[in-house]
Amino acid sequence: MEKKALRQQVLQRLSQLRECTTEKKQRQAAIYQELFAHPKWQAATCIGMIRSTDLELDTKPIMQQAFLEGKKVVVPKSLANHQMIFYQVTEKTDYYVTKFGVEEPHSSHEVTAEQIDLLIVPGVVFRKDGYRIGYGGGYFDCYLANYPHDTLSLVFKEQLNENWQADDYDVPVSELIIG
């Protein structure tokens, strides 16, 4: 199936899940529990993640847990040419909304890829082998091409689909946590 059509199909499923607030919260709680018990999470001192939209798994509780555990949290800003730079955030960081509807931090504390122990990679559609379809900008694939450490994606079962081909530039994540 074509990536664009598959992306739209899964976004529709996520929109339906968003309306089932109790079910979504329960499934997120199970994913959080598995994530926080995961050896990659426990070993990490610096964790990269996005600020989620309301369609996605809510990343705010993940950030709160990381702060509670004394971990450094970094959030990306998108730049020209499909590039991203991650910046350290705190519980007091302010965010602005980009033209893509994504929250990016008001922060100047840049963090390099080498300093990020674990990157929680967003996406729309996932194969079980870790390949993903994002929102179409290519930002994470460009970043992952040179990212040296562990990656995880937190996925609702509605996001799984094996019926598509990865492109040469697609970079898989190391592991999926599915709820």
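Source: prediction; values computed, not measured.

### Quick word on helix α1 (residues 3-19)
Counted at 1.5 Å a residue, the expected span for α1 with its 17 residues is 24 Å, and the 25 Å between its end C-alpha atoms agrees. All buried positions along α1 are accounted for by K3, L6, R7, V10, L11, L14, S15 and L17.

### Focus: the UniProt feature "binding site: substrate" (unreviewed entry) in the protein
The UniProt record marks E56 with the feature "binding site: substrate" (unreviewed entry), using the residue numbering of this structure. Following the sequence through the fold, E56 ends up in the loop between β1 (46-48) and α4 (60-68). Excluding residues that lie within four positions of it along the chain, E56 makes contacts with K24, Q28, I50, P122, Y135 and F156.

### Considering the sheet that holds strand β10 (residues 150-155)
On the basis of which strands lie adjacent, the open sheet formed by seven strands has the order β6-β3-β2-β1-β7-β10-β11 and mixed pairing. Either end of the sheet is taken by a strand with one partner, and the two such strands are β6 (110-111) and β11 (175-178). Summarising the sheet, β10 and β11 pair through four bridges and their orientation is parallel. Paired with S153 across the two strands is L176, which belongs to β11. Each of β2 (72-78), β3 (84-89), β7 (118-120) and β10 touches α4; the most contacted strand, β2, lies at about 140° to it.

### Concerning α4
Of the residues making up α4, those classed as buried are I62, M63, A66 and F67. Here the buried residues of α4 occupy an arc of 135° about the axis, which is enough to place them on one side.

### So, unusual backbone geometry
A positive phi is found at N81, a non-glycine position, where the angle reads about 60°. Of note, N81 is situated in the loop between β2 and β3. Phi at H82 takes a positive value of approximately 60°, unusual for a residue other than glycine. With respect to the element layout, H82 can be found in the loop between β2 and β3.

### Considerations on the pairing of β10
Burial of β10 is extensive: five of the six residues sit out of reach of the surface. Pairing geometry for β7 and β10, over three bridges, is parallel. Residue I120 lies in a different strand from β10, and its bridge partner there is L152.

### Comments concerning the side chain of E104
Along the chain, E104 falls in strand β5 (residues 103-105). Of the side chains with opposite charge, K77 lies nearest to the buried E104, which makes no salt bridge, at 6.6 Å. Leave out the neighbours within four places in its chain, and E104 touches P76, K77, S78, D94, Y95, Y96 and T98.

Criteria and thresholds
- Residues numbered from 1 in each chain as written.
- Predicted model: local features only at pLDDT ≥ 70, side-chain atom pairs only at ≥ 80, totals over all residues.
- Heavy atoms only, no water.
- Helix = DSSP H or I, 4+ residues; strand = E, 2+ residues; numbered from the N terminus.
- Expected span 1.5 Å × (residues − 1).
- Buried < 20%, exposed > 50% of the residue type's maximum accessible area, 1.4 Å probe, protein only.
- UniProt positions renumbered as here; feature names shortened; annotations may be inferred.
- Contact = heavy atoms within 4.5 Å.
- Pairing = 2+ DSSP bridges.
- Axes fitted to C-alpha atoms, helices over the stretch in contact; angles between N-to-C directions.
- Arc of directions from axis to C-beta.
- Lys, Arg positive; Asp, Glu negative; His and termini not counted.
- Salt bridge = Lys/Arg side-chain N within 4 Å of Asp/Glu carboxyl O.

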